[in-house]
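One-letter residues, chain by chain:
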Amino acid sequence: MPEFSEDIYAGEEDIDFSDLEKQYETNPEFGLEQFIVIDGAPAVPAKKVEALTRVLKKMFGSVGKVESFYMPTNEDGSTKGYIFLEYADGEQANEAIKQYHHKKLDVKHTLLVNKLADVERYGFSGAVATEYVEPEIPEFTPREHLRNWLTDPSGRDQFLVQKGKAVEIYWNKKPGGGQPELAMEHPVNTQTFTRWSPKGTFLCTFHLEGVQVRGGPNWNVLGQFPHRKPEAIDFSPNEKFLVTISKEPIMLPPADHAEERARCPFTERDEGNSIVVWDVKTALPLRTFPLQAADTQKKSWPIFKWSSDDRYFARAIPGESLAIYEAPGMGLLDKKSVKIPGISDFEFAPAPVQLEGKKEPTQVLCFWSPELANQTARVSIMEVPSKEIVRSRNLFNVAGCRLHWQDQARFLCVKVDRHTKTKKSTYTNLEFFRLQEKAIPVEVLELKETVMNFAWEPKGDRFAIVSRADTPAGPAPPAHSPAAGQPAPAGKPNLSFYALERAKGLLGKWRLLKNVEKKTANSLFWSPRGRFLVTANIIPSGQVEMDFWDFDHDVSNNTEDNLAHIGSVEHYGMTDVQWDPSGRFVATYSSSWRHKIQNGYKIWDFRGSNLLEEDADHFGCLIWRPRPESLLSKDQKKKIRKDLKSFSRKFDEDDAMEASEANRELIMRRRAALAEWREWREQMEKKLSDAGIVPESQKITEGEGDDIIEEITEEVLEEKEEELD
């Protein structure tokens with residue numbers, strides 16, 4: 001063996017190999033991106049290995065194709081508690097980690113799912129730093145106040161106006177305050193429609209690539225929901241979730257477009273689906289659903305209906321079952337649907353209900369199913385999440401049902417259309433479920449007519465109906481007439497108002513307050529504060545008459561018989577009616593989406609006095625901005641009502657100041673215009689004089705010897721002085 005005088009490896013640690021390491025560096029994920037490691041699995045004896053393998057393969061096979069499955073075992077055949085699993089590609093592996101990491105397999109076992117590449121990257125000594133390095137915390141930037149419009153000192157409401165694809169937001173002014181004031185610097189664009197969220201926090205615009213959500217004082221984009229060609233949207237009641245639907249099924253970018261795929265929020269599981277449930281805060285999809293044949297045929301929206309607390313949402317599979325899902329997990333409640341043969345429709349209660357025997361108010365829903373071969377028609381009330389039927393009622397000779405919840409969920413009205421004995425016509429019964437009373441009693445109101453429209457008074461127990469006798473008003477048109485073959489004209493509908501009797505603090509039955517026969521009306525619009533009602537006969541085009549009703553006209557009269565008709569107005573071509581959140585103003589508009597006749601809008605007060613109107617080409621809609629529920633307690637509201645006169649005096653002073661300010665601005669504008677005109681006139685007279693042309697006024701003065709006097713008068717129509725404390 002040769003001998004060396006010195007160590008040939010001496011100083012090797014000082015050689016820099018960084019250039020070679022960088023050149024021959026390998027990606028630890030290359031070839032391993034489709035592999036995952038499952039830890040936390042049960043350690044079972046050999047005889048249970050087959051059953052555990054079957055359960056885990058089924059679970060992890062739900063997100064993609066399992067290419068290989070390896071569960072290491074001990075010498076006795078028992079498992080070691082971890083598994084190596086290979087998918088067809090890396091996307092399926094990522095989806096498995098997303099779905100099942102920290103997933104509880106049973107009470108004692110929680111699965112931990114990681115990439116095999118992460119084990120290679122972090123599983124060796126020195127791969128992870130042992131010394132703590134304090135992270136850099138970015139400077140806090142306060143977010144815009146998303147409900148800043150509620151802080152308006154005058155308590156004004158906002159409304160949006162859509163003209164073509166341009167959307168503008170306005171402040172509504174008080175009567176006599178002039179034109180509405182713009183609440184944004186620049187209009188917002190939309191491809192099709194515009195919507196407010198239920199509490200008014202967000203403004204949603206529709207675009208080719210999806211839905212944009214805006215908010216705050218500057219109307220910045222707060223979220224983008226990339227669902228191509230959205231047809232409609234629906235928020236959960238508390239604005240936590242957003243549901244979008246599109247006729248165009250979800251499609252992933254091609255596999256060779258890596259950047260586009262990385263930006264796409266959907267996975268292979270979502271391809272072909274058309275409905276997406278989103279988390280509003282993160283703007284990420286929580287789950288997608290396919291469209292069913294009934295969804296396209298019935299064209300009903302929303303397809304999913306929400307509980308009042310956003311914890312549950314459901315859809316009916318017509319004739320088969322009711323699927324109730326939990327949020328935000330998006331899984332089926334108890335992992336299965338509720339089998340309800342023949343189910344036709346359902347509705348969640350708009351508020352929690354205090355059921356008998358329950359300590360806390362709970363969520364309930366109501367559904368109905370028609371008559372089947374061996375089953376009568378039935379209306380049932382179900383408690384959620386227990387799925388317990390707390391009340392059920394059988395119905396006979398049923399032609400159809402509609403479910404109408406009172407907004408505080410104190411009552412449920414089921415409008416039951418029944419066949420007569422001859423089966424040639426129908427009549428209506430109204431069946432009222434009193435949910436706050438023991439055993440949920442039902443009161444039946446029998447009518448001899450068919451009810452076309454029903455509407456509860458908000459925060460009250462009164463209601464109004466539009467009904468019509470099912471018998472035609474006249475003979476069928478003769479065979480030689482142009483209307484031959486068409487149904488005979490029916491008589492005019494009747495308008496009826498009902499209230500709940502009260503005696504010594506106890507609730508009685510509903511009784512008729514007033515019946516207006518042969519009244520041209522087909523639509524009912526209650527003020528969101530109750531008391532006032534607008535009835536209208538909305539037709540595709542033509543003159544629309546509206547009537548304004550006051551259910552508490554005489555404040556000193558505490559009886560139910562306090563209903564008065566307070567006004568009638570007309571709006572040609574009107575297509576919709578909307579109350580503002582305060583219940584003081586009503587907007588009516590004629591939309592170009594329905595016809596091209598006198599498109600525009602009008603704003604009225606609650607008595608029917610016209611305050612503002614505007615005609616506009618390509619006018620789409622006017623929508624008031626909703627307000628959330630007041631945060632004031634009952635005692636605070638009571639105190640405000642007690643001191644209402646002092647508040648009213650202050651508001652009257654503010655209105656007077658605002659009106660005075662408006663007059664002052666008008667006078668200043670007129671004076672500026674007069675000064676500008678005088679300056680222009682002096683310049684013209686100087687030019688004429690320099691050109692040697694005698695002004696016309698001087699010619700008249702020299703010829704006739706008369707003096708021309710120009711007098712400008714400013715007249716004050718009314719001046720009022722008040723001494724304020």
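What counts and what doesn't
Residues numbered from 1 in each chain as written. Predicted model: local features only at pLDDT ≥ 70, side-chain atom pairs only at ≥ 80, totals over all residues. Heavy atoms only, no water. Helix = DSSP H or I, 4+ residues; strand = E, 2+ residues; numbered from the N terminus. Buried < 20%, exposed > 50% of the residue type's maximum accessible area, 1.4 Å probe, protein only. Contact = heavy atoms within 4.5 Å. Pairing = 2+ DSSP bridges. Axes fitted to C-alpha atoms, helices over the stretch in contact; angles between N-to-C directions. pLDDT = per-residue confidence, 0-100. Phe/Tyr/Trp six-rings, centres within 6.5 Å; stacked < 30°, edge-to-face > 60°. Expected span 1.5 Å × (residues − 1). Polar contact = N/O pair within 3.5 Å; in protein donor to acceptor, adjacent residues only side chain to side chain. Patch = residues over 30% accessible without salt bridge, like charges linked within 9 Å, V, L, I, M, F, W, Y side chains within 5 Å. Areas by Shrake-Rupley, 256 points an atom, 1.4 Å probe, with all protein chains shown as cover. Salt bridge = Lys/Arg side-chain N within 4 Å of Asp/Glu carboxyl O. Lys, Arg positive; Asp, Glu negative; His and termini not counted. Charge placed at Lys NZ, Arg CZ, Asp CG, Glu CD. Core = buried A, V, L, I, M, F, W, Y, C linked by side-chain atoms within 4.5 Å.

**Student:** Please set out the overall build of the protein chain residue by residue, giving values where relevant.
**Tutor:** When helices and strands are tallied, the protein chain shows nine helices and 42 strands. Across the 725 residues that make up the protein chain, the buried fraction comes to 39%. Restricting to contacts in the protein chain with at least 6 residues of sequence separation, those with at least 24 account for 48%.

**Student:** Can you break down the sheet that holds strand β20 (residues 321–326) residue by residue, with the values?
**Tutor:** The strands making up a sheet are joined through hydrogen bonds of the backbone, oriented either antiparallel or parallel. Reading across from one edge, β18-β19-β20-β21 is the order of the four strands in this open sheet, with antiparallel pairing throughout. Each end of this open sheet is capped by a strand with a single partner; those strands are β18 (305–306) and β21 (338–339). Direction of pairing for β20 relative to β21: antiparallel, over a ladder of two bridges. Note that in β21 the partner of serine 321 across the bridge is lysine 339.

**Student:** Help me get a handle on the sheet that holds strand β27 (residues 411–419), residues and values and all.
**Tutor:** Read across the open sheet, the four strands follow the order β26-β27-β28-β29; overall the sheet is antiparallel. Both edges of this open sheet fall to β26 (398–405) and β29 (442–446), since each of them pairs with a single strand only. Within the sheet, the average angular offset between the axes of one strand and its neighbour, ignoring direction, is 20°. Inspection of the sheet shows β26 paired to β27 by seven bridges, in the antiparallel sense. Residue pairing for β27: tryptophan 405 is matched across the bridge by leucine 412.

**Student:** Could you give me a rundown of the confidence of the model for the protein chain, with the residues and numbers involved?
**Tutor:** For residues with low pLDDT, the predicted coordinates do not support detailed interpretation. With 83% of its residues at a pLDDT of 70 or more, the protein chain has an overall mean of 85. Confidence over residues 472–489 falls short of pLDDT 50; this stretch has 16 contacts with residues more than four positions distant or in other chains. In this model residues 701–705 is a low-confidence stretch, pLDDT under 50, and it forms two contacts with partners more than four residues away in sequence or in other chains.

**Student:** Explain the packing of aromatic side chains to me, using residue names and the numbers behind them.
**Tutor:** Tallied over the full model, the rule gives 38 aromatic pairs. When the centroid spacing of 5.4 Å and the interplanar angle of 85° are considered together, the rings of phenylalanine 225 and tryptophan 278 count as edge-to-face. Of this pair, phenylalanine 225 sits in strand β13 (residues 220–225) while tryptophan 278 sits in strand β16 (residues 275–279); the two residues are 53 residues apart in sequence, bridging distant segments of the chain. By the burial criterion, phenylalanine 225 is buried, and tryptophan 278 matches it. Relative to tryptophan 456, the ring of phenylalanine 411 lies with its centre 5.9 Å away and its plane at 15°, an arrangement referred to as stacked. Of this pair, phenylalanine 411 sits in strand β27 while tryptophan 456 sits in strand β30 (residues 450–456), and the two are 45 residues apart along the sequence.

**Student:** Tell me about the environment of alanine 349, and name the residues and values.
**Tutor:** Within the element layout of this structure, alanine 349 appears in the loop between β22 (345–348) and β23 (363–369). For the pair alanine 349 and aspartate 407, spaced 58 residues apart in sequence, the C-alpha to C-alpha distance is 8.1 Å. Contact partners of alanine 349, with chain neighbours within four places excluded, come to Ser308, Gln363, Val364, Leu365, Trp405 and Ala409.

**Student:** An account of helix α2 (residues 49–60) is needed here, citing residue identities and associated values.
**Tutor:** Three or four residues apart is the spacing at which side chains of an α-helix point the same way, because the helix has 3.6 residues per turn. Look at α2: 16 Å from first C-alpha to last across twelve residues, which is about the 16 Å you get at 1.5 Å a residue. If you follow the buried residues of α2, they end up packed against β1 (35–39), β2 (66–70), β3 (82–87), α3 (90–100) and β5 (110–115).

**Student:** Which residues make up the side chain of glutamine 406, and what values go with them?
**Tutor:** Structurally, the position occupied by glutamine 406 is in the loop between β26 and β27. Its relative accessible area of 0% is what places glutamine 406 among the buried residues. Only 2.9 Å separates the side chain of glutamine 406 from the backbone oxygen of glycine 460, close enough to count as a polar contact. Every residue in contact with glutamine 406, bar those within four places of it in the chain, is listed here: Pro350, Phe411, Trp456, Lys459 and Gly460.

**Student:** So what about the pairing of strand β12 (residues 210–215)? Which residues, and what values?
**Tutor:** Judged by how many residues are buried, β12 sits mostly within the fold: six of six residues are covered. Bridge count for strand β11 (residues 203–207) against β12 is five bridges, and the pairing is antiparallel. Of the residues in β12, the one forming a bridge with cysteine 204 is valine 213. The turn joining β11 and β12, which pair antiparallel and follow one another in sequence, is formed by two residues. Pairing analysis gives five bridges linking β12 to β13, with the strands arranged antiparallel. Within the sheet, the bridge partner assigned to glutamine 212 lies in β13 and is glutamine 224.

**Student:** Describe a positive patch on the surface, listing the residues and the values that go with them.
**Tutor:** Together, Lys459, Arg529, Lys634, Lys637 and Arg641 give the surface a local cluster of positive charge. Position of arginine 641 relative to the elements: it lies in helix α7 (residues 634–642). For arginine 641, a relative accessible area of 61% puts it in the exposed group.

**Student:** Pulling in residues and values, what's your account of the nonpolar core?
**Tutor:** In terms of nonpolar packing, the biggest core is built from 26 residues, with Phe159, Leu160, Ile169, Tyr601, Ile603 and Leu622 touching the most fellow members. When residues of this core are traced back to their parent elements, those giving at least two are β6 (158–163), β7 (166–171), β39 (585–590), β40 (600–605) and β42 (619–624). When residues in this core are grouped by element, the largest group, five residues, is from β42. In terms of nonpolar packing, the next biggest core, distinct from the first, is built from 22 residues, Val398, Ala409, Phe433 and Ile440 among them.

**Student:** Help me get a handle on a nonpolar patch on the surface, residues and values and all.
**Tutor:** Residues Leu632, Ile640, Leu644, Phe647 and Phe651 make up a contiguous nonpolar surface patch of roughly 420 Å² in combined accessible area. Here the nonpolar patch takes three residues from helix α8 (residues 644–690), the largest share from any one element. Mapped onto the elements, isoleucine 640 comes out in helix α7. For isoleucine 640, a relative accessible area of 34% gives the class partly exposed.

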